[in-house]
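Listed here are the chains, written in short residue letters.
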Amino acid sequence: GTFEYQTDWATATLASSYQEFAQAAILDLTAFFGPLVDTQTGSPPGTNTVPLNLQISTERWAHEFRLTSANNQHLEWLVGLYYTKEESSNFQEAIGQPSGFNLVTQGFPADYKEKAAFGNLTYYFTPQLDATVGVRLSSNDMGVLFSGTGFLAGPALPRQTVSDDVQTYLFNARYRPNDDLSLYVRIADGYRPASANLPLRDPATGQILSVPFVRSDSLWSYEVGAKGNFADGLLGYDVAVYRIKWEDLQVFRSFMGVNVGGNADSDVTANGIEATLTLQPSSTFNLVGAIAYARSELDDDDRAVGGLSGEQLPGIPEWTFSLSGNYDFMLGSLDAFAGGGVAYQDERNTSFQGGVGSGGVVIAPANPNFTVDNYVTVDLRTGVR
């Protein structure tokens, strides 16, 4: 729901939203834990299956109030307040069947609150040159209660809390030498708050394999770009080069097929370029080509995730390409369209590969790595409106 009130000097906006999410799933962990349950119960090999029952839900309220100045060519501003409250439940149960052996029955309901104030200020030095600075001050509080039983369950803990006071900043400068070209530079930082984690115990050593909270992570992003048109809009382009410095990256760590949260020990540096070229010979036909290169690497050897310095993060292709077109026409009295596209995804790894790191230390990957082959997809589409 949104309420807006306009005056000559500013616009006041109040926006509130409610969101409800629920998920239930059954995963088969027999390959990982079936032999363990058979051993613990004295059953013949292959007797027990191990279904993992997952039940996750979240309810969230969010409210935002902001004042936005009227558009002008001198000074523009925006200020606001933000509040959100979340209540989540997370229940996970793995019981051997038919033995009934309790591997883990774990519940950890959590709550999260965030209060923030923010503001942006844009100053026009000339009609062609302007700059924006922004700041956001936020205070986050999270609590979680751990109660679990079972062979792998971590200890029951009283309600745990974590709080963060976070400041994030933005700087943006833009130069428009003419109506067909805009050059910009943008520097900004961001974060993700801490989150509750599944406590698991190593059955061999009794060691707790996961921490109660995954720490917040943060990054700085640096971007330089250009946008413009040629030949009265026949050709349009958008190109950007970026660099990201990421600290305390939130990651999954896997134990015998069960994922728990954690943070990478190494920082991550990502460099990339993205470019789009649009051909618009008429109002009814357009052709769009895009290319992107992304290289996201660990800065140091990292035993926690099983990767070496310089390794690409899993799941990220270095190169992607796409080309698509669309043609609009009349089919009798109906608006019709026809189009198609082709897209390319570079190969990528599913995990870090590990190996011999600095000082001759062997770093083992946390999960087996598989190389996902590159592939091309083609689509054709047509329809009427």
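Check the entry above for the structure.
Report follows, based on the coordinates. (Residues numbered from 1 in each chain as written. Predicted model: local features only at pLDDT ≥ 70, side-chain atom pairs only at ≥ 80, totals over all residues. Heavy atoms only, no water.)

## Describing the overall build of the chain
Basically, it comes down to this: Numbering of helices and strands starts at the N terminus; helices are DSSP runs of H or I of at least 4 residues and strands are runs of E of at least 2. Exposure is judged per residue with a 1.4 Å probe applied to protein chains only, and the accessible area is read against the type maximum: over 50% gives exposed, under 20% gives buried, and values in between give partly exposed. Residue burial considers only the protein chains on display, and all accessible areas are found by Shrake-Rupley using a 1.4 Å probe. In this count, Lys and Arg are taken as positive residues and Asp and Glu as negative ones, while His and the chain termini are left out. One atom stands in for each charge, and that atom is NZ of Lys, CZ of Arg, CG of Asp or CD of Glu.
If you tally the helices and strands in the chain, you get one helix and 24 strands. The dimensions of the chain, computed from C-alpha atoms along their principal axes, are 80 × 60 × 45 Å. Counting every position in the chain, which comprises 385 residues, the buried fraction comes to 34%. Of the roughly 21,500 Å² that the chain leaves accessible, carbon and sulfur atoms contribute 58%. Charged side chains in the chain number 22 positive and 43 negative. The centres of these two groups are separated by 4 Å.

## Some words on the layout of surface pockets
A water-sized probe rolled over the atoms picks out the places where empty space is left. For clarity, the threshold we go by: Of the two site types, the cavity is a set of points on a 1 Å grid over the protein atoms alone where a 1.4 Å probe fits but cannot get out, and the pocket is an open set with protein on both sides within 12 Å along at least five of seven lines, each lined by residues with an atom within 4 Å of a point. Grid points are joined across faces, edges and corners, and a volume is the space filled by probe spheres set on the points. As a working rule, the residues Ala, Val, Leu, Ile, Met, Phe, Trp, Tyr, Cys and Pro are called nonpolar, Asp, Glu, Lys and Arg charged, and the rest polar, with Gly in that last group.
Reported here for the largest pocket is a volume of approximately 1,300 Å³. In terms of lining, the largest pocket is formed by 43 residues, of which the most central are Ser-195, Ala-196, Asn-197, Phe-252 and Gly-261. If you list the elements that add at least two residues to the lining of the largest pocket, you get β3 (51-69), β4 (75-95), β6 (110-126), β10 (195-196), β14 (250-255) and β15 (258-263). Looking at the lining of the largest pocket residue by residue, the class counts come to 24 nonpolar, 15 polar and four charged. Considered as a void within the structure, the second largest pocket measures approximately 250 Å³ in volume. In terms of lining residues, the second largest pocket is bounded by 14 residues, among which Leu-209, Arg-253, Ser-254, Arg-303 and Ala-304 are the most central. Ranked by residue count, the leading element in the lining of the second largest pocket is β14, at three residues. Among the residues making up the lining of the second largest pocket, the classes are represented as nine nonpolar, three polar and two charged.

## So, helix α1 (residues 30-41)
In an α-helix, one turn spans 3.6 residues, which is why side chains three or four residues apart end up on the same side. Taken together, the buried positions of α1 are Thr-30, Phe-33, Gly-34, Leu-36, Val-37 and Asp-38. At the C-terminal side of α1, Gly-42 shows a positive phi close to 70°.

## Observations concerning the environment of Ala-188
Rules: It only takes one pair of heavy atoms within 4.5 Å for two residues to be counted as in contact.
Considering the arrangement of structural elements, one finds Ala-188 in strand β9 (residues 181-192). Taking the relative accessible area as the measure of exposure, Ala-188 reaches 16% and is therefore buried. When the C-alpha atoms of Ala-188 and Phe-171 are compared, they prove to be 6.3 Å apart, with 17 residues separating the residues in sequence. When near neighbours in sequence (up to four residues on either side) are disregarded, Ala-188 contacts Tyr-169, Leu-170, Leu-219, Trp-220 and Ser-221.

## Remarks on the side chain of Ser-182
Position of Ser-182 among the secondary structure elements: in strand β9. Of the residues examined, Ser-182 reaches a relative accessible area of 16% and is grouped as buried. Residues in contact with Ser-182, not counting those within four places in the same chain, are Arg-174, Tyr-175, Arg-176, Gly-225, Ala-226 and Lys-227.

## Quick notes on unusual backbone geometry
Between Gln-97 and Pro-98 the backbone carries a cis peptide bond, its omega angle lying at 15°. Summarising the element assignment, Pro-98 is placed in the loop between β4 and β5 (102-107). The backbone of Ala-231 shows a phi angle near 50°, a positive value even though the residue is not glycine. Considering the arrangement of structural elements, one finds Ala-231 in the loop between β12 (217-230) and β13 (235-247). In this structure, Asp-232 takes a positive phi of about 55° despite not being glycine.

## Some details on the nonpolar core
Here is the rule: Residues belong to one nonpolar core when they are buried, are Ala, Val, Leu, Ile, Met, Phe, Trp, Tyr or Cys, and are joined through side-chain atoms within 4.5 Å.
Counting 25 residues, the largest nonpolar core has Phe-33, Val-50, Ala-94, Leu-103, Val-144 and Leu-152 as its most contacted members. Sorting the residues of this core by element identifies α1, β3, β5, β6 and β7 (129-149) as the ones contributing at least two each. With sequence-adjacent residues up to four places away left out, Val-50 is seen in contact with Leu-27, Asp-28, Leu-29, Thr-30, Phe-33, Gly-34, Val-37, Ala-94, Ile-95 and Leu-103. One finds Leu-249, Ala-264, Val-305 and Phe-352 within the second-largest nonpolar core, a separate group that totals eight residues.

## Focus on empty space enclosed by the protein
A full pass over the atoms with the stated rule returns two cavities of 30 Å³ or more. In this model, the second largest cavity occupies a volume close to 40 Å³. Forming the boundary of the second largest cavity are Tyr-112, Asn-140, Asp-141, Met-142, Val-162, Asp-164, Pro-193 and Ala-194. Of all the secondary structure elements, the ones that give two or more residues to the lining of the second largest cavity are β7 and β8 (157-178). The leading source of residues in the lining of the second largest cavity is β7, at three residues. Of the residues in the lining of the second largest cavity, the class split is five nonpolar, one polar and two charged.

## Some points on the pattern of salt bridges
For the record, the criterion: Each salt bridge in this description consists of a side-chain nitrogen of Lys or Arg and a carboxyl oxygen of Asp or Glu lying within 4 Å of one another.
Tallying each qualifying case throughout the model produces 13 salt bridges. Arg-176 is the partner of Asp-130 in a salt bridge, and the nearest nitrogen-oxygen pair spans 3.1 Å. Residue Asp-130 is found in strand β7, and its partner Arg-176 is found in strand β8; the two are separated by 46 residues along the sequence. Asp-130 gets classed as buried once you look at its relative accessible area, which sits at 2%.

## Focus on the pairing of strand β1 (residues 2-6)
What counts is decided by this rule: In this description, strands pair whenever DSSP reports at least two bridges between them.
Within β1, only zero of the five residues are buried, leaving the element largely exposed. Here β1 runs beside strand β2 (residues 10-28); their pairing, made up of five bridges, is antiparallel. In the sheet register, Phe-3 faces β2, and the bridge partner there is Leu-14. Linking two consecutive strands that pair antiparallel, namely β1 and β2, is a turn of three residues.

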